[in-house]
Amino acid sequence: MFVEGFLRIILCAALAIALTTASAIAQVLPSQPITMLGGRVVVGGEVSASIASSADRGYFNYTDYEHNALRLVRLGVTGAVRLGSRASVLTEIRTENLDTIRPYALYLRIRPWLDRPIDIQAGLIPPIFGAFMRRSYGPDRPLIGYPLAYQYLTSLRPDATPATVRDLLRNRGAGWHTYYSVGSKAGDQGVPLVTGFRWDTGVEVRIGSRPVEVSAALTTGTLSNPRVRDDNSGKQASAHLTIQPTTGLILGLSTARGAFLARRVTSSLPVSLRDAGYNQYAFGADMEYSRDHWLVRAEGIWSFWRIPLPLDRAHADPLRASAVSIEGRYKVGPPLYIAGRFDRLGFSTISDGIRRLSWEIPVTRLELGGGYYLQRNIIGKLVYQWNWRHTQYEPFAGYAAAQLVYWF
Amino acid sequence: MLPASRPSLRSRSTLNRSAGSSRRGPRRALSGLAIATVLTVFVSPAARGTIRGRVDLGRVPVAAERRPNVADLGMPEARGAPERRPSVVYLEIAPRPAFEEREEAHARMDQRRESFVPHVLAIAAGTTVDFPNNDHTYHNVFSLSKARPFDLGRYGAGRSKAVRFDRPGIVRVFCEIHSHMSAFVLVFGHRFFSVTDPEGRYAIDNVPPGTYTVKVWNEALAAEPRQVSLLEDGGDVELNFSLGQK
């Protein structure tokens, strides 16, 4: 409570200072970050408000913070404090729907040798896996919704696990509220392939600069379940390779492997099943190409979870999920762009002895829309999102959504 | 075609609805440049003079910093610091020959080390500005200014795109990829303007005799307009400005 209250005060104060300082200078909304102490402290901010035409009855846009990604008010303040030429502290404090205020990022960045492109970051750090998470929310994301891989909740949970295949299949398509018989008995939401709403804690190193960069990280949680505090004595190792063969083309390859299940789950398993390595491991490939008024992005993620099925030990294969996302944007004129994204989330199959089904229900999403720059740092977005889920419960949902984003 | 020294001159007035109320910010400060009325004044074929002087900045505006991008995996590359000291001194109502030939003028605003060079460019209406990319990365020059909205799209090093500015006004220029990159193009309906040098000096040459209101524009600072008279026999007139908070 104390921490949250403190963060709330910091957030409000920072925004107030930023707005009033800049307003006093320009008599308009701030259009650039606020600089203090001779450039040592830089504060930026972002406010976005999204509204959808109807409630998300099919839970297609439900996030792991129990919000609808299309009905979201987000307030964030970013800050950078330069500690000399080699080090700086960076943070982002964020609230969604004005309920919980939490640090989204808080880490120390060090460049040990100024003449060598080696950077070390430690703390609550940005993920190196994939590409989507490193794009800023307002200006870099042309649409409102998230790619399925980063938001759609599967039925898997780190604090509970099914005892049988049937137990697993019973929760298909119910990622917003799943029940399992091993571990926590309470109903709770599942996890996405890679969460787009939280960052992990640890250390990362980036080596190189254009055209080749390599990053590696050691963190506490996993892609699905980033954590501040360890819950299973396991670490996640991840790596990313970025290649820019030519200006405008960026290619990336990612991999990650980390202990997924919480200790409270594994400790409740039979002794013979406790040390089987219940990991999430994933591979990703991403691409971005831009030229003139076009921008095209594509990303593929393949995630595997090895989970115990204590009463169905014959099933030793990991559960697999694959996500493909293709996004494009075309700038029609100075203030206007149109954009679209196609998403597909698929899952491997498993047999309960009677039938063979995918362990989760495949989902397809298409989002089309556009944006209009009211001024350089204020965008209005309007989209329509179609969602298909191959199930009898809410097999289709379409939402119109609008968003206003302002940043400085 | 009449000679340029024809006694009858048309005077173009850059009526300035908001430059006087400079507290409304730099975007509006010269919006009146877009409004031009044509007045007819009679000026004898006398020698022309120069208005010169110095613009003193109380403080140098702080260069815009990058937004703190917490998602970066390391320190961003060093960038060029934009020169934010330049001011533009100009005549509010400027004489212009009735049948002045329009030249096909070209100017240049470079993109180097994630910075526009120069940071402030003053041109006459009808000038085409080239935006060459001499950086190692993509840039996307654009403007949402009413005087000349444009979007050049993304293009890489070694390429250049151009924009012709026909309407007087202030055009704020940005890069869509690098939010810390910004610049100003001030488009005038006449040629009686001057951008200050690094020491703050300026000179407006070839000004016909007469009484003029001289204004100064700076992106962060302001000064009251000043009146100046040039005599029939030409010569220089010194006019200094001291800028303060807008």
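None of these values were measured; they are calculated from a predicted model. (Residues numbered from 1 in each chain as written. Chains lettered and ligands numbered in written order. Predicted model: local features only at pLDDT ≥ 70, side-chain atom pairs only at ≥ 80, totals over all residues.)

**Structural notes on the overall build of chain B**
Okay, step 1: Counting its regular elements, chain B contains 1 helix and 22 strands.
Okay, step 2: For chain B, the proportion of its 246 residues judged to be buried stands at 46%.
Okay, step 3: Contacts in chain B between residues at least 24 apart in sequence constitute 68% of all its contacts with a sequence separation of at least 6. (Helix = DSSP H or I, 4+ residues; strand = E, 2+ residues; numbered from the N terminus. Buried ≥ 20, exposed ≤ 12 C-beta atoms within 10 Å, placed from the backbone. Contact = placed C-beta atoms within 7 Å.)

**Concerning the pairing of strand S11 (residues 236–246) of chain A**
Residue and element names in this part refer to chain A.
Okay, step 1: Judged from the 8 bridges that link them, strand S10 (residues 212–219) and S11 form a sheet pairing that is antiparallel. By the bridge assignment for S11, Thr219 is matched with Gln236.
Okay, step 2: Relative to strand S12 (residues 249–259), S11 runs antiparallel, the two sharing 8 bridges. Paired with Leu241 across the two strands is Leu253, which belongs to S12.
Okay, step 3: Joining the antiparallel neighbours S11 and S12 is a turn of 2 residues, in which Gly248 adopts a positive phi near 100°. (Pairing = 2+ DSSP bridges.)

**Considerations on the interface of chain B and chain A**
Okay, step 1: Taken together, the contacts link 29 residues of chain B with 42 residues of chain A.
Okay, step 2: If you list the elements that add at least two residues to the side of chain B that touches chain A, you get strand S11 (139–143) and strand S12 (150–155) of chain B.
Okay, step 3: The element best represented in the side of chain B that touches chain A is S12(B), accounting for 4 residues.
Okay, step 4: Along the lines of polarity and charge, the residues of the side of chain B that touches chain A split into 14 nonpolar, 9 polar and 6 charged. (Nonpolar A, V, L, I, M, F, W, Y, C, P; charged D, E, K, R; others polar.)

**Quick word on the sheet that holds strand S13 (residues 160–165) of chain B**
Sheets are built from strands paired through backbone hydrogen bonds, the pairs being either parallel or antiparallel.
All names here are of chain B.
Okay, step 1: The mixed open sheet is built from 3 strands, whose spatial order is S6-S10-S13. Both outer strands of the open sheet, strand S6 (106–108) and S13, are each paired with one neighbouring strand and no more. Each strand axis lies, on average, 25° off the axis of its neighbour in the sheet, ignoring direction.
Okay, step 2: Alignment of S6 against strand S10 (residues 127–132), held across 3 bridges, turns out to be parallel. Bridge assignment links His106 to a residue of S10, and that residue is Thr128. (Axes fitted to C-alpha atoms, helices over the stretch in contact; angles between N-to-C directions.)

**Some details on the confidence of the model for chain A**
Okay, step 1: In the predicted model, chain A carries a mean pLDDT of 91, and 93% of its residues have values of at least 70.
Okay, step 2: Contacts for the low-pLDDT stretch residues 21–27 of chain A, under 50 throughout, to residues beyond four places or in other chains number 8 contacts. (pLDDT = per-residue confidence, 0-100.)

**As for the sheet that holds strand S20 (residues 226–230) of chain B**
Residue and element names in this part refer to chain B.
Okay, step 1: The strand order across the open sheet formed by 4 strands is S16-S4-S18-S20, and the pairing between neighbours is antiparallel. Since the sheet does not close on itself, it has two edges, and those belong to strand S16 (193–195) and S20, each with one partner. Each neighbouring strand pair of the sheet contributes to a mean axis angle of 25°, computed without reference to strand direction.
Okay, step 2: Where strand S18 (residues 210–217) and S20 come together, 5 bridges link them in antiparallel fashion. Paired with Thr213 across the strands is Gln227, a residue of S20.

**Some thoughts on the nonpolar core**
Okay, step 1: Residues A:Ala105, A:Ala149, A:Leu193, A:Val194, A:Leu261, A:Ala323 and A:Leu345 are the most contacted members of the largest nonpolar core, which totals 74 residues.
Okay, step 2: Setting aside residues no more than four positions away along its own chain, A:Leu261 makes contact with A:Pro158, A:Thr161, A:Asn232, A:Thr266, A:Tyr278 and A:Ile307.
Okay, step 3: One finds B:Ala147, B:Phe165, B:Phe193 and B:Val207 within the second-largest nonpolar core, a separate group that totals 52 residues. (Core = buried A, V, L, I, M, F, W, Y, C linked by C-beta atoms within 7 Å.)

**Some remarks on unusual backbone geometry**
Okay, step 1: Following A:Arg210, the chain continues to A:Pro211 via a peptide bond in cis, the omega torsion being 10°.
Okay, step 2: For A:Pro211, the position within the fold is in the loop between strand S9 (200–209) and S10.
Okay, step 3: For the bond running from B:Val117 to B:Pro118, omega is 5°, close enough to zero to count as cis.
Okay, step 4: A positive phi is found at A:Ser233, a non-glycine position, where the angle reads about 60°.
Okay, step 5: Relative to the helices and strands, A:Ser233 is located in the loop between S10 and S11.
Okay, step 6: When the 8 C-beta atoms within 10 Å are taken as the criterion, A:Ser233 is described as exposed.
Okay, step 7: You will see that B:Asn206, though not glycine, has its phi angle at about 55°, which is positive.
Okay, step 8: Its place among the elements puts B:Asn206 in strand S17 (residues 201–207).

**Remarks on the confidence of the model for chain B**
All names here are of chain B.
Okay, step 1: Put simply, chain B has an average pLDDT of 80, and 77% of its residues get 70 or more.
Okay, step 2: In the model of chain B, strand S1 (residues 8–14) stands out as the element of lowest mean pLDDT, 36, in contrast to S10, which has the highest, 98.
Okay, step 3: Every residue in residues 1–44 is under pLDDT 50, and counting partners more than four places away or in other chains gives 106 contacts.
Okay, step 4: The complex prediction reports pTM at 0.86, with the ipTM value standing at 0.83.

**Some points on the environment of B:Ser87**
Residue and element names in this part refer to chain B.
Okay, step 1: Within the secondary structure, Ser87 is located in the loop between strand S3 (49–57) and strand S4 (88–91).
Okay, step 2: Residue class for Ser87 comes out buried when judged on the 25 C-beta atoms lying within 10 Å of it.
Okay, step 3: Considered as a pair, Ser87 and Pro68 are 19 residues apart in the sequence and their alpha carbons are 29 Å apart.
Okay, step 4: With residues up to four places along the chain from it excluded, the contact list for Ser87 reads Val55, Thr196, Val216, Trp217, Asn218 and Leu243.

**Remarks on the pairing of strand S20 (residues 378–389) of chain A**
Residue and element names in this part refer to chain A.
Okay, step 1: Residues Ile379, Lys381, Val383, Gln385, Asn387 and Arg389 of S20 are buried on one face, while the alternating residues Ile378, Gly380, Leu382, Tyr384, Trp386 and Trp388, pointing to the opposite face, are not.
Okay, step 2: Of the pairings in the sheet, the one linking strand S19 (residues 363–375) to S20 comprises 12 bridges and is antiparallel in character. Bridged to Gln375 within S20 is Ile378.
Okay, step 3: Counted between consecutive antiparallel strands, the loop separating S19 from S20 contains 2 residues.

**Focus on the environment of A:Gln236**
All names here are of chain A.
Okay, step 1: Structurally, Gln236 can be placed in strand S11.
Okay, step 2: Through-space distance from the C-alpha of Gln236 to that of Gly221 is 6.2 Å; in sequence the pair is 15 residues apart.
Okay, step 3: Apart from the residues within four sequence positions on either side, Gln236 is in contact with Asp200, Thr219, Gly221, Thr222, Ala256, Arg257 and Gly258.

**Observations regarding the environment of A:Gly187**
Okay, step 1: Looking at the secondary structure, you find A:Gly187 in the loop between strand S8 (182–183) and S9.
Okay, step 2: Taking the C-alpha atoms as reference points, A:Gly187 and A:Trp176, 11 residues apart in sequence, are found 9.1 Å from one another.

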